[in-house]
Amino acid sequence: MKEDASLPENARFETRAIHVGQDYRSETGAVTPPIYMTSTFEYGNPGGFDYTRSGSPNFRNLQKTLASLEGGEYATVFASGVSAITAVAFSLKAGDTIVSEQNIYGCTYRLFERVLRNFGVTIRYVDLTKVENYSVIRELKPQLVWLESPTNPLLKILDIGAISAVAHEVDATVLVDNTFASSLLQQPLALGADLSLLSTTKYSNGHSDCLGGVVCSNSEVWQEKMIFAQKALGLQPSPFDAWLVSRGLKTESVRMERHCANALELAKRLEKHPRVSLVSYPFLPSNPAYELATRQMKGGSGMLLADFGLSWDEALQFMKKLRLFTQAESLGGVESLVAHPASMTHASIPKAEREAAGVTDGLIRFSVGIEHVEDLWEDLERALHLSQ
Ligand SMILES: Cc1ncc(COP(=O)(O)O)c(C=O)c1O
């Protein structure tokens, strides 16, 4: 057995992803932590566990890893990204206000509009890529400012540091949904945000075989609220899913490198394709937000948005012609997926509001996987050819 299993203080992301959170006690020497499939724990155990709704060794291992990778002191894991969103949303009370970026994940919008509003919370949506709209934060003095960057599905890039500075003038808490960027590519807490939320279903796990979510912070107060939400609202994951996310994180850095390289290459080629009227990818030098994106992120991630000038029906037909990209909700897995935001991920947003936010009928969203890039390109070219 190792004489000293402690981690060097300056261990890097790739090393921490594999070694942090692995310090479970075991008499067996198993290199991979077991899955604790138990609902309850004997009273008085040294780990302080009592009941899995409020904690499990698998949550503890994963929380340690995620806190380290997000550069935060605390992390609380949940059953899904939406559970993590629910945990934060339900820490508000009647009379509170959220200022939210206008382009957010459809289910976040649905939770805000169809659930939270009924409890007396006011939500105001603005385009936070426009500096002149920061004044809304100063005027409304919200309790919470809600951001995604890159946004789902438009891949807009928001200046996390600048928005956080304005929000902090009025004591608002800033949450960044970091799902599209991943912990490797963007560190919202270091950029100035108070909370970094991930759907760990996506890049953290990376294999499209479980659901999970997390909220990370450096705030003891928020950590207490999150632990309370986990148990009081029953938002905890299963130990098995937590174990799967822990396993997925060990390869996040190598997966992300390939996601980024493949998506950038496809974006560059699509940009030159005669059928393409719009391609959006944060790390394309022609992207208006390129300078901000490259300052804020270490890579452009694997999400790509394109408009081929197709109608709603033609877009649906185009997706059926693809052989490697599977039409499905979700993103961030090793396999490439394709989605039509207007009818899928953002269908819960009324048409007028969806279009006002820029989510038009012809947009197609790609989650570029880690297959060989030439195979992916051939698939795209072939489908475009067949849908002429
Ligand atoms: C940006 C973003 N946040 C949160 C979620 C919700 O995550 P989950 O599906 O794990 O509940 C998603 C899901 O697609 C997402 O895209």
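Residues numbered from 1 in each chain as written. Predicted model: local features only at pLDDT ≥ 70, side-chain atom pairs only at ≥ 80, totals over all residues. Heavy atoms only, no water.

Colleague: Even after reading the chapter, I still don't get helix H6 (residues 160-169), so can you show me in this structure?
Modeller: The periodicity of an α-helix, 3.6 residues per turn, causes residues three or four places apart in sequence to face the same way. Buried within H6 are the following residues: Ile160, Ile163, Ser164, Val166 and Ala167. Projection of H6 onto a plane perpendicular to its axis shows the buried side chains occupying an angular sector of 165°, all on one side. Positioned one or two residues after H6, Asp171 has a phi angle of 60°, which is positive. (Buried < 20%, exposed > 50% of the residue type's maximum accessible area, 1.4 Å probe, protein only. Helix = DSSP H or I, 4+ residues; strand = E, 2+ residues; numbered from the N terminus. Arc of directions from axis to C-beta.)

Colleague: What is the right way to look at the packing of helix H2 (residues 57-69) against helix H9 (residues 239-249) in this model?
Modeller: If you want to describe how two helices pack, look at the angle between their axes and the distance between the axes. Viewed as axis vectors pointing N to C, H2 and H9 meet at an angle of 35°, and their least axial separation amounts to 9 Å. The two elements H2 and H9 meet at a crossing, and its hand is left-handed. Two secondary-structure elements touch here, H2 through Asn58, Phe59, Leu62, Thr65, Leu66 and Leu69 and H9 through Pro239, Ala242, Trp243, Val245, Ser246 and Leu249. Partitioned by chemical class, the residues of the contact of H2 with H9 number nine nonpolar, three polar and no charged. (Axes fitted to C-alpha atoms, helices over the stretch in contact; angles between N-to-C directions. Left-handed = near helix turned anticlockwise from the far one by under 90°. Contact = heavy atoms within 4.5 Å. Nonpolar A, V, L, I, M, F, W, Y, C, P; charged D, E, K, R; others polar.)

Colleague: Sorry if this is basic, but what is going on with the domain arrangement of the chain here?
Modeller: You'll often see interface size given as the accessible area lost when the parts meet. Along its sequence, the chain is carved into domain 1 (13-249) and domain 2 (252-386). On a C-alpha basis, the centres of domain 1 and domain 2 stand 25 Å from each other. Between domain 1 and domain 2, the contact holds 39 residues from the first and 40 residues from the second. Taken together, both faces of the contact between domain 1 and domain 2 bury some 3,200 Å²; the carbon and sulfur share is 59%. Our count for the contact surface shared by domain 1 and domain 2 stands at zero salt bridges. In this structure, the connection of domain 1 to domain 2 is made through 20 residue pairs in polar contact (both at pLDDT 80 or more). Among the elements that take part in the side of domain 1 that touches domain 2, helix H4 (residues 106-114) stands out by supplying four residues, more than any other. (Domains from an automatic or database assignment. Buried area = accessible area lost by both parts, 1.4 Å probe. Salt bridge = Lys/Arg side-chain N within 4 Å of Asp/Glu carboxyl O. Polar contact = N/O pair within 3.5 Å; in protein donor to acceptor, adjacent residues only side chain to side chain.)

Colleague: Is there a simple way to explain helix H3 (residues 81-89) in this structure?
Modeller: H3 sits mainly inside the fold: eight of its nine residues count as buried. Buried within H3 we find Gly81, Ser83, Ala84, Ile85, Thr86, Ala87, Val88 and Ala89. By the N-cap criterion, in which a side-chain oxygen at the helix start approaches the backbone nitrogen of a residue two or three places on, H3 is capped by Ser80, the distance to Val82 being 3.4 Å.

Colleague: Can you help me understand the pairing of strand E3 (residues 122-126) in this one?
Modeller: Two faces make up the sheet, and in a regular strand the side chains alternate between them. With five bridges joining them, strand E2 (residues 97-101) and E3 adopt parallel strand pairing. Paired with Thr97 across the two strands is Thr122, which belongs to E3. At this point the chain moves from E2, through H4, to the parallel E3, and the crossover so formed is right-handed. (Pairing = 2+ DSSP bridges. Right-handed = clockwise from strand over helix to strand, strands pointing away.)

Colleague: Sorry, what's going on with the sheet that holds E2 here?
Modeller: Pairing between the strands of a sheet is mediated by backbone hydrogen bonds and can be parallel or antiparallel. The sheet built from seven strands is open, its strands ordered E1-E7-E6-E5-E4-E2-E3 with mixed pairing. Every other strand in the sheet has two partners, leaving strand E1 (74-78) and E3 as the edge strands with one partner each. Each adjacent strand pair in this sheet contributes to an overall mean axis angle of 20°, direction not counted. Strand contacts of H2: E1, strand E6 (195-199) and strand E7 (213-217), with the helix running at about 130° to E1, the strand carrying the most contacts. Contacting E1, strand E4 (144-148), strand E5 (173-177), E6 and E7, H3 runs over the sheet at an angle of about 150° to E6.

Colleague: Just checking my understanding: could you explain the environment of Val368 for this structure?
Modeller: Mapped onto the elements of the fold, Val368 is located in the loop between strand E12 (363-367) and helix H14 (373-386). Looking at Val368, the relative accessible area reads 0%, which means it is buried. The spatial distance from the C-alpha of Val368 to the C-alpha of Phe325 is 8.2 Å, given a sequence separation of 43 residues. For Val368, the contacting residues outside a window of four places in its chain are His259, Asn262, Ala263, Leu266, Gly302, Leu304, Ser336 and Leu376.

Colleague: For this particular structure, what's the right way to read the site of the ligand?
Modeller: Surrounding the ligand, one finds 14 residues, the nearest of these being Gly81, Val82, Asp177, Ser199 and Thr201. Interatomic distance of 3.1 Å between a side-chain N/O atom of Asn152 and an oxygen atom of the ligand. In this structure, Thr201 approaches the ligand through a side-chain N or O atom, which is 2.6 Å from an oxygen atom. Considering the ligand on its own, with 390 Å² of exposed area, one finds that the protein chains cover 93% of that surface. Examining the composition of the shell around the ligand, we find that three residues originate from one element, H3, more than from any other. Among the residues making up the shell around the ligand, the classes are represented as five nonpolar, seven polar and two charged. (Near = heavy atom within 4 Å. Areas by Shrake-Rupley, 256 points an atom, 1.4 Å probe, with all protein chains shown as cover.)

Colleague: Got a minute to help me understand unusual backbone geometry in this structure?
Modeller: Leave glycine aside and you will find that most residues have negative phi; peptide bonds, for their part, are mostly trans. The amide bond that connects Ser149 to the next residue, Pro150, takes the cis arrangement and shows omega of -5°. With respect to the secondary-structure elements, Pro150 resides in the loop between E4 and H6. For the peptide bond that leads from Asn152 to Pro153, omega is 5°, which places it in the cis range. Of note, Pro153 is situated in the loop between E4 and H6. Residue Ser301 is not a glycine yet carries a positive backbone phi of 75°.

Colleague: When you look at a nonpolar patch on the surface in this model, what are you seeing that I'm missing?
Modeller: A cluster of nonpolar residues, Ile35, Met37 and Phe240, forms a patch on the protein surface that exposes about 280 Å² of accessible area. Note that Ile35 resides in the loop between helix H1 (13-19) and H2. With a relative accessible area of 31%, Ile35 lands in the partly exposed category. (Patch = residues over 30% accessible without salt bridge, like charges linked within 9 Å, V, L, I, M, F, W, Y side chains within 5 Å.)

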